[in-house]
Amino acid sequence: MNRLMKKNRLVKILISAAVVLTSLYLLQRLLMPKYVSDIVEGALIAEYYEEEKDHDVIFIGDCEVYENFSPAVLWEEYGINSYIRGSAQQLIWQSYYLLEDTLRYETPEVVIFNVLALQYNEPQREAYNRMTLEGMEWSMAKVHAIQASLTEKEHFLDYVFPILRYHSRWSELTGEDVEYMFQTKPVSHNGYYMRVDVKPAQNVPEGKILPDYRFGDTAWEYMERITKLCRDKGIRLILVKAPSLYPYWYEEWEEQIEAYAKKEDLLYLNFLELQEETGIDFRTDTYDGGLHLNLSGAEKITRWLGNVLVQEAGLLDRRGEEPLTTLWEEKLAAYEAEKQDQYKALEAEQAADP
Amino acid sequence: MKRLMMMLTITGLLFTAGCGNSEKTIQAASNPASGEEQEEAGDSDESGETPAAQTEKGYLFESEGVKISVDADVKPVIDRLGEADSYFEAASCAFEGLDKTYTYAGFRIETYPEKDKDLTACIILTDDSVSTPEGVCIGNSVEELKEAYGEASSEEPGMLVYEKEGMKLCFIVDGDEISSIEYRSSVLEAE
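What comes next is a walk through the structure. This structure is a prediction, so every number in the text was calculated from the model and none was measured.

**What about the sheet that holds strand β10 (residues 177-185) of chain B?**
Backbone-to-backbone hydrogen bonds pair the strands of a sheet. The strands run either parallel or antiparallel. All names here are of chain B. Taken in spatial order, the eight strands of this open sheet run β3-β4-β5-β6-β10-β9-β8-β7, and their pairing is antiparallel. Every other strand in the sheet has two partners, leaving β3 (86-91) and β7 (154-156) as the edge strands with one partner each. Ignoring strand direction, the axes of neighbouring strands in this sheet form an average angle of 20°. Two strands pair when backbone bridges link them, and strand β4 (residues 98-104) and strand β5 (residues 107-114) are joined in this way by four bridges, in the antiparallel orientation. Along β5, the bridge assignment pairs Thr 103 with Arg 108.

**Comments concerning empty space enclosed by the protein**
If you walk through the whole model with that rule in mind, you get two cavities of 30 Å³ or more. Tallied by class, residues from the lining of the second largest cavity come to three nonpolar, three polar and four charged.

**Points about the environment of Lys 34 of chain A**
All names here are of chain A. Tracing the backbone shows Lys 34 in the loop between α1 (2-31) and α2 (44-47). Lys 34 gets classed as buried once you look at its relative accessible area, which sits at 8%. Between the alpha carbons of Lys 34 and Thr 184 there is a distance of 7.0 Å; along the sequence they are 150 residues apart. When neighbours within four sequence positions are excluded, Lys 34 is seen to be in contact with Arg 29, Arg 169, Glu 176, Asp 177, Tyr 180, Met 181 and Thr 184.

**Structural notes on the pattern of salt bridges**
All names here are of chain A. Taken as a whole and assessed by the stated rule, the structure comprises 34 salt bridges over all chains. Between Arg 130 and Glu 126 there is a salt bridge, with the nearest N and O atoms lying 3.3 Å from each other. Of the two residues, Arg 130 and Glu 126 are both situated in helix α6 (residues 126-133); the distance of four residues between them amounts to about one turn of the helix. Summarising the burial analysis for this pair, Arg 130 and Glu 126 share the class buried. One salt bridge connects Asp 212 with Arg 214, and the closest N-O pair in it is separated by 2.8 Å. What you see here is one network of salt bridges that share partners, running through Lys 34, Arg 169, Glu 172 and Asp 177.

**A word on the pairing of strand β5 (residues 267-270) of chain A**
Residues and elements named next belong to chain A. Because side chains alternate across β5, one face comprises the buried residues Leu 267 and Leu 269, and the other comprises Tyr 268 and Asn 270, equally buried. Note that strand β4 (residues 236-241) and β5 share four bridges and pair parallel. In the sheet register, Val 240 faces β5, and the bridge partner there is Leu 269. With helix α12 (residues 251-264) bridging β4 and the parallel β5, this β-α-β connection has right-handed handedness.

**Remarks on the nonpolar core**
All names here are of chain A. Counting residues in hydrophobic clusters, the biggest one holds 54 residues, and the most contacted among them are Phe 59, Phe 69, Ile 112, Leu 269 and Leu 309. Contact partners of Leu 269, with chain neighbours within four places excluded, come to Ile 238, Leu 239, Val 240, Lys 241, Leu 274, Trp 304, Leu 305 and Val 308. Of all hydrophobic cores here, the second largest spans 46 residues; its members include Tyr 96, Leu 98, Ile 235 and Ala 261.

**Looking at the side chain of Asp 197 of chain A**
All names here are of chain A. By the secondary structure assignment, Asp 197 is in the loop between α10 (175-179) and α11 (217-232). Engagement of the side chain of Asp 197 in a polar contact is seen with the side chain of Arg 195, the distance being 2.8 Å. Residues contacting Asp 197, with those up to four places away along its chain left out, are Thr 286, Tyr 287, Asn 294 and Leu 346.

**Quick notes on a negative patch on the surface**
On the surface, Glu 143, Glu 144, Glu 147, Asp 174, Asp 176 and Glu 177 of chain B cluster together to form a negatively charged patch. Relative to the helices and strands, Glu 147 of chain B is located in helix α5 (residues 142-149).

**With respect to the packing of α11 of chain A against α12 of chain A**
All names here are of chain A. Interhelical geometry of α11 versus α12 gives an angle of 30° and a closest axis separation of 12 Å. In terms of orientation, α11 lies roughly parallel with respect to α12. At the point where α11 passes α12, the crossing takes the right-handed sense. Where α11 approaches α12, its residues Trp 220, Met 223, Glu 224, Thr 227 and Arg 231 are matched on the opposing element by Gln 256, Tyr 260 and Glu 264.

**A few points about the side chain of Asn 294 of chain A**
Residue and element names in this part refer to chain A. Inspection of the secondary structure puts Asn 294 in the loop between α13 (275-278) and α14 (295-313). Accessibility expressed as a relative area gives 1% for Asn 294, which makes it buried. A distance of 3.0 Å separates a polar atom in the side chain of Asn 294 from the backbone nitrogen of Gly 297. Those residues in contact with Asn 294 that lie beyond four places of it in its chain are Tyr 192, Arg 195, Val 196, Asp 197, Val 198, Thr 284, Asp 285, Thr 286 and Tyr 287.

Quick notes on the rules
- Residues numbered from 1 in each chain as written.
- Chains lettered and ligands numbered in written order.
- Predicted model: local features only at pLDDT ≥ 70, side-chain atom pairs only at ≥ 80, totals over all residues.
- Heavy atoms only, no water.
- Pairing = 2+ DSSP bridges.
- Helix = DSSP H or I, 4+ residues; strand = E, 2+ residues; numbered from the N terminus.
- Axes fitted to C-alpha atoms, helices over the stretch in contact; angles between N-to-C directions.
- 1 Å grid on protein atoms, 1.4 Å probe; cavity = no way out; pocket = protein on both sides within 12 Å on 5 of 7 lines; lining within 4 Å.
- Points joined across faces, edges and corners; volume = space filled by probe spheres on them.
- Nonpolar A, V, L, I, M, F, W, Y, C, P; charged D, E, K, R; others polar.
- Buried < 20%, exposed > 50% of the residue type's maximum accessible area, 1.4 Å probe, protein only.
- Contact = heavy atoms within 4.5 Å.
- Salt bridge = Lys/Arg side-chain N within 4 Å of Asp/Glu carboxyl O.
- Right-handed = clockwise from strand over helix to strand, strands pointing away.
- Core = buried A, V, L, I, M, F, W, Y, C linked by side-chain atoms within 4.5 Å.
- Polar contact = N/O pair within 3.5 Å; in protein donor to acceptor, adjacent residues only side chain to side chain.
- Patch = residues over 30% accessible without salt bridge, like charges linked within 9 Å, V, L, I, M, F, W, Y side chains within 5 Å.
- Areas by Shrake-Rupley, 256 points an atom, 1.4 Å probe, with all protein chains shown as cover.
- Lys, Arg positive; Asp, Glu negative; His and termini not counted.
- Charge placed at Lys NZ, Arg CZ, Asp CG, Glu CD.
- Parallel < 35°, antiparallel > 145°, perpendicular 65-115°, else oblique.
- Left-handed = near helix turned anticlockwise from the far one by under 90°.

Distances and angles like these do not, on their own, reveal function.
Shown next as structure tokens:
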């Protein structure tokens, strides 16, 4: 009798614990930002895990990769299967751990890293950290990425249990929080964030004078770790500086990157210096005055990059290979559909406000 | 059942313990400036204006009789200074609102969005045609700087920093000579 009572008590405790934990989990799912309509950049990192992981090229870096290169063009014109693991203000240690994370699933032929991130030597802002780190699946790479990224006011546990951070979002909940509680809709095309509108670059300010132009020790440490990791895995690392006119890219920074690329025997492409070759025209190829390229600009520089990947890295044309080709047919259809939707919306906007 | 209800209640209490207002959430921080640091500066008043947007703060720059403070609403300043020689705006990555740059002869003002206002992020002196109200300009020596301002609050490689009321006045030096002067908000520093 006594044993039966003990058993019943244990069952009750277990049921109670399960109810509490399930409630907390559901609350957490409800309260976490979904990044579907606003600030869609927050959804980019997580989207990768839904992919077939058989990429020839992986891009890592900040907005200068996910807004400036189009994997659809690499496939359509060169048969190169690529993915952008980019996120807003992705810091270089985050790029490193995202690369580690990616290598848990696949080993690409080429990794392309955008060097602007070297300007930061310390964690910057929680909001940007969250957009990169929360989307990562749990692994030691994520643990280390969080540890390296925490600002003074952040706590590791808040990333383990995001409900601790988002519990006060209850008053901001919308229908989308319920609709996308467990499954969100895609916001990118293999990590590329599409924009078709045009805002010409003008009056871009010169860079302000800096007290010290040297990249910091931490930034260099992770640059070296990215290089070593790629080398150890037999991956060709290519450094790029996207053609964004702002934030300002200093000559002193350029010299350091050129010297590093030479020392490590890495290919470095500074698209700021390749405007003639790529055909970029900042009167028509940017949607925000020179910070990021629009679709037209992204397709131009990607087309040029594709040729380099074939010539320099020897990447093969995989068009015709199944199931990849079928998969890309679907992807290109979605890409084309969004392109048309955006052009229509833009035309409607222009018609309403000529 | 009673025990389950009690556990749920306790969990709920723990869950809401220390609960701040909803503005602390990341989603609500729809621009990089709306973080806890701003909240620590004080709560919004009934008009919705932050104290930072209403008052002058720390060291001020002055041009043609117009006092310019970091973290203050830039609109009345621009209205009084007149149209800038050059204007540039840039959307912050992944955030709503625009960072704006107004360039005038000898200096430029950069802003950050805060609710429906643009607050001054920094004022950068760009040549020796203007000076600080304390009489220091680009090209002055470090000795002249210290005569005017005293010892710096802190020194970094290539820069002397004077902190006052939560803002920073930074003198960037090249050797013994001042090469740039910046009035900086601390709000935008690492959160």
